[in-house]
Amino acid sequence: MKITIFGTGYVGLVTGTCLADVGHDVLCMDVDAEKIARLEGGEIPIFEPGLETMVKTNVEAGRLRFTTDPAAAVAFGTLQFIAVGTPPDEDGSADLKYVLAVAETIGKHMTGYTVIVDKSTVPVGTADRVRETVAGALEARGEALEFDVCSNPEFLKEGAAIQDFTQGARIIVGTESERVKTLMRECYAPYIRLHDKLMFMDLRAAELTKYAANAMLATKISFMNEIANLAERLGADVEQVRRGIGSDPRIGYQFIYPGCGYGGSCFPKDVQALARSASDVDYQAELLAAVEGVNRRQKRTLFTKLAQALGGELAGKTVALWGLAFKPNTDDMRDAPSRTLMEALWEAGAKVQAYDPEAMKECRRLYGERDDLLLAGDRIQAVKGADALVICTEWKEFRTLDFAWLNQQLGMGVVVDGRNLFEPEAVKAAGLRYFAVGRGDSLTALR
C-alpha cells in the first residue's frame, strides 16, 4: 500500500518505519525542513532502541521516504495518517491546531478517495472536527470528493515502541465504514497473521479508549505511590506490599512500582486532557484529579527527602543526579521528575552534577550552559566531590554498585533512591544514609 504519514515525531516516525518494514511504500511529511534533512541523512532525531537501524534499512530499500512538500504527501497515499503533536493547552485540554492544520492541508490537495487516519492522541469528537475541516476545504475548492475519517490510536511505550507496534496486544480502529475496515485490515495484515488482534469499534469509543488506557496506567502508578507514602509512615516496606498485591492476577505486577512520579509525553497530558473533556460535559472526574495531584506531589518527594537528610541546608551543596530521562531507554525529559528536582535544587542554591546514558544532549538543549550544572561524562564523574546522590531513572547501569566506593565519593554519605533500586540494609551496611520510597524505616531518621 501507499501510505502517507504527517509528522515525524515519536509516533509518526515509528509508525511509518514499522509499516515500511513490512513492505508498504511510506512517505513521511513534516514541516520541519531541518528534521527532514537529518532523517534523509540517516540521523534519527529521537532515541528509541532499534529505530535507527530500521529507518536506515527501509530508506536504503526505497520503502521509506521523507518530504516537506504537503501536496506531494497528499498525492502519495490512499491512507493519510495524522501523527502530529497534541500538546496541552493552557486549560489542560489537547491543542488540536496541528491536527486540524493537517486536515486542512489534505482537503486542499486531495484529488481522489482518501482515508484520513487519526493516529495522534485526540479528544473524543476530534474525528468529527477533522471531517468538517476537510469538507470545508473541499467546498472552498468547489470539489465533492469522497473521503473517510477513522481513529487508530497508538499504544506505544517509549523505549519499547517497535515491539509495541509489531507485537502489541491490540490494534484499534474506530470506523463504521466497511471500505475503511477493508483498507485498514490490509494495512495491518502483516501484524495479524498469527492472531487477529484488530478491533473495530465506533469512532468515539476508539478515541476514548486511548485516553482511558493511559489514565488507567497512570492511576496504578499514583495509587502505588500513595501506598508507598503510607508505608513510610506506618513502618512497612512497600516492596513487600508490591509483591503481595502483584501476585493477584486481577492486579498484576505492571505499573505498580513506587517511585518519584510519572512523566513523559503521554500520561501527564492525557490525564489532564481527559479530565478537561469530563469538565466540558459537566462531569467532575475526581479520580483523575487525584491521580494528577498525587503525581505532582510525588515529583517533589526527592527534593523533600534530600533537604531533610541534609538538615535543610542546600545552599552551596553539590548533588549528583543519576538519570535525567523520565524512564529508561529514551532521551525524553518531558515532565521528567529530574527536572522538578534540578529546578528546586537550583532555587535552593545547590549545584547539580548529572549523568544519563541518553538524555545529556536533551538536558543541554533545555537548560543550556550554567554554572550550577555539570553534565558528567559517566556516573563516576557525576558523584566525584558530590555531597549526596539522587537516583531519578532506573537505567540498568545504575543497578549494580559498590556501596563502599560510593561512600568514599559522597561528602555527606546521603543516597536518595527515587526508583528503589537497592536493598536498604546493603546500602546502610556500607555506612551510607539511604532514603528510598516507601521502604519502611527509610524516613525514621527524618521524623
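These numbers come from a predicted model, not from an experiment. (Residues numbered from 1 in each chain as written. Predicted model: local features only at pLDDT ≥ 70, side-chain atom pairs only at ≥ 80, totals over all residues. Heavy atoms only, no water.)

### Some details on the overall build of the chain
Then, number 1: Each helix and strand in the chain was counted, giving 18 helices and 14 strands.
Then, number 2: The C-alpha radius of gyration of the chain comes to 24 Å, within 12% of the 22 Å expected for a compact globule of 447 residues.
Then, number 3: By its C-alpha atoms, the chain is 75 × 45 × 45 Å across when sized along the principal axes.
Then, number 4: Put simply, the chain has 447 residues, and 55% of those count as buried. (Helix = DSSP H or I, 4+ residues; strand = E, 2+ residues; numbered from the N terminus. Rg over C-alpha atoms; globule rule 2.2 N^0.38 Å. Buried < 20%, exposed > 50% of the residue type's maximum accessible area, 1.4 Å probe, protein only.)

### A few points about the pairing of strand β7 (residues 171-174)
Then, number 1: Burial along β7 is two-sided: the residues Ile171 and Val173 and Ile172 and Gly174 are all buried.
Then, number 2: The pairing of β7 with strand β8 (residues 198-201) spans four bridges and is classified as parallel. Paired with glycine 174 across the two strands is methionine 201, which belongs to β8. (Pairing = 2+ DSSP bridges.)

### Observations regarding the packing of aromatic side chains
Then, number 1: What the rule picks out here adds up to eight aromatic pairs.
Then, number 2: Measuring from ring centre to ring centre gives 5.8 Å for tyrosine 262 and phenylalanine 267, while their planes differ by 80°; the resulting arrangement is edge-to-face. Taken individually, tyrosine 262 and phenylalanine 267 each receive the classification buried, so the pair is uniform in this respect.
Then, number 3: Between phenylalanine 403 and phenylalanine 422, the ring centres sit 5.1 Å apart and the planes meet at 85°, which makes this aromatic pair edge-to-face. With phenylalanine 403 in helix α17 (residues 403-409) and phenylalanine 422 in the loop between β13 (414-417) and α18 (424-429), the pair connects residues that are 19 residues apart, well separated along the chain. No difference in accessibility class separates phenylalanine 403 from phenylalanine 422, as the two residues are buried.
Then, number 4: Every member of this aromatic cluster is reached through a ring pair, and the members are Phe165, Tyr188 and Tyr191. (Phe/Tyr/Trp six-rings, centres within 6.5 Å; stacked < 30°, edge-to-face > 60°.)

### Quick word on the packing of helix α5 (residues 97-109) against helix α6 (residues 126-141)
Then, number 1: It is at 8 Å that the axes of α5 and α6 come closest, and there the two elements cross at 35°. Seen along the crossing, α5 lies across α6 with a hand that is right-handed. Residue-level inspection shows Val99, Leu100, Ala103, Glu104, Gly107, Lys108 and His109 of α5 in contact with α6, the latter providing Thr126, Arg129, Val130, Thr133, Val134, Ala137, Leu138 and Arg141.
Then, number 2: Of the residues that constitute the contact of α5 with α6, the class distribution is seven nonpolar, four polar and four charged. (Axes fitted to C-alpha atoms, helices over the stretch in contact; angles between N-to-C directions. Left-handed = near helix turned anticlockwise from the far one by under 90°. Contact = heavy atoms within 4.5 Å. Nonpolar A, V, L, I, M, F, W, Y, C, P; charged D, E, K, R; others polar.)

### Quick word on the nonpolar core
Then, number 1: The biggest cluster of nonpolar side chains holds 55 residues, and the ones touching the most others in it are Leu306, Leu324, Met342, Leu373 and Leu389.
Then, number 2: The next biggest cluster of nonpolar side chains, apart from the first, holds 40 residues, and it includes Leu13, Cys18, Val55 and Ile171. (Core = buried A, V, L, I, M, F, W, Y, C linked by side-chain atoms within 4.5 Å.)

### Focus: the sheet that holds strand β12 (residues 388-391)
Then, number 1: Judged by pairing direction, the sheet is parallel, and its six strands sit side by side in the order β11-β10-β9-β12-β13-β14 without closing on themselves. Taken across any chain shown, the strands that pair with only one partner, and hence form the sheet edges, are β11 (373-375) and β14 (433-435). Neighbour to neighbour, the strand axes of the sheet diverge by 20° on average, direction disregarded.
Then, number 2: Note: β12 against β13, four bridges, orientation parallel. By the bridge assignment, leucine 389 is partnered in β13 with valine 415.

### A closer look at unusual backbone geometry
Then, number 1: In this structure, asparagine 329 takes a positive phi of about 65° despite not being glycine.
Then, number 2: If you trace the backbone, asparagine 329 turns up in the loop between β9 (318-322) and α14 (337-347).
Then, number 3: Residue classification places asparagine 329 among the partly exposed residues on the basis of a relative accessible area of 34%.
Then, number 4: Positive phi is not limited to glycine here, since asparagine 420 has a value of about 50°.
Then, number 5: Its place among the elements puts asparagine 420 in the loop between β13 and α18.

### Section: the packing of helix α9 (residues 203-234) against helix α10 (residues 238-246)
Then, number 1: Running from N to C, α9 and α10 point in directions that differ by 135°, and their axes come no closer than 9 Å. Looking at the two axes, α9 sits oblique to α10. α10 is crossed by α9, and the crossing has right-handed handedness. Packed against α9, whose contacting residues are Met224, Ile227, Ala228 and Ala231, the element α10 presents Val238, Val241, Arg242 and Ile245 at the interface. (Parallel < 35°, antiparallel > 145°, perpendicular 65-115°, else oblique.)

### What about the confidence of the model for the chain?
Then, number 1: When the pLDDT values of the chain are averaged, the result is 95; 98% of them are 70 or greater.
Then, number 2: A low-confidence stretch, residues 443-447 (pLDDT under 50), is modelled with nine contacts involving residues beyond four sequence positions or located in other chains. (pLDDT = per-residue confidence, 0-100.)

### Notes on the side chain of lysine 269
Then, number 1: One can find lysine 269 in helix α11 (residues 267-280).
Then, number 2: Under the relative-accessibility criterion, lysine 269 is labelled buried at 17%.
Then, number 3: Not counting residues up to four positions away in its chain, the partners in contact with lysine 269 are Thr86, Pro88, Gly92 and Thr121.

### Looking at the side chain of threonine 330
Then, number 1: The residue threonine 330 is located in the loop between β9 and α14 in this model.
Then, number 2: Exposure remark for threonine 330: the relative accessible area of 0% places this residue in the buried category.
Then, number 3: Only 2.8 Å separates the side chain of threonine 330 from the side chain of glutamate 158, close enough to count as a polar contact.
Then, number 4: Setting aside its immediate chain neighbours within four residues, threonine 330 contacts Phe47, Glu158, Ala325, Glu358 and Trp395. (Polar contact = N/O pair within 3.5 Å; in protein donor to acceptor, adjacent residues only side chain to side chain.)

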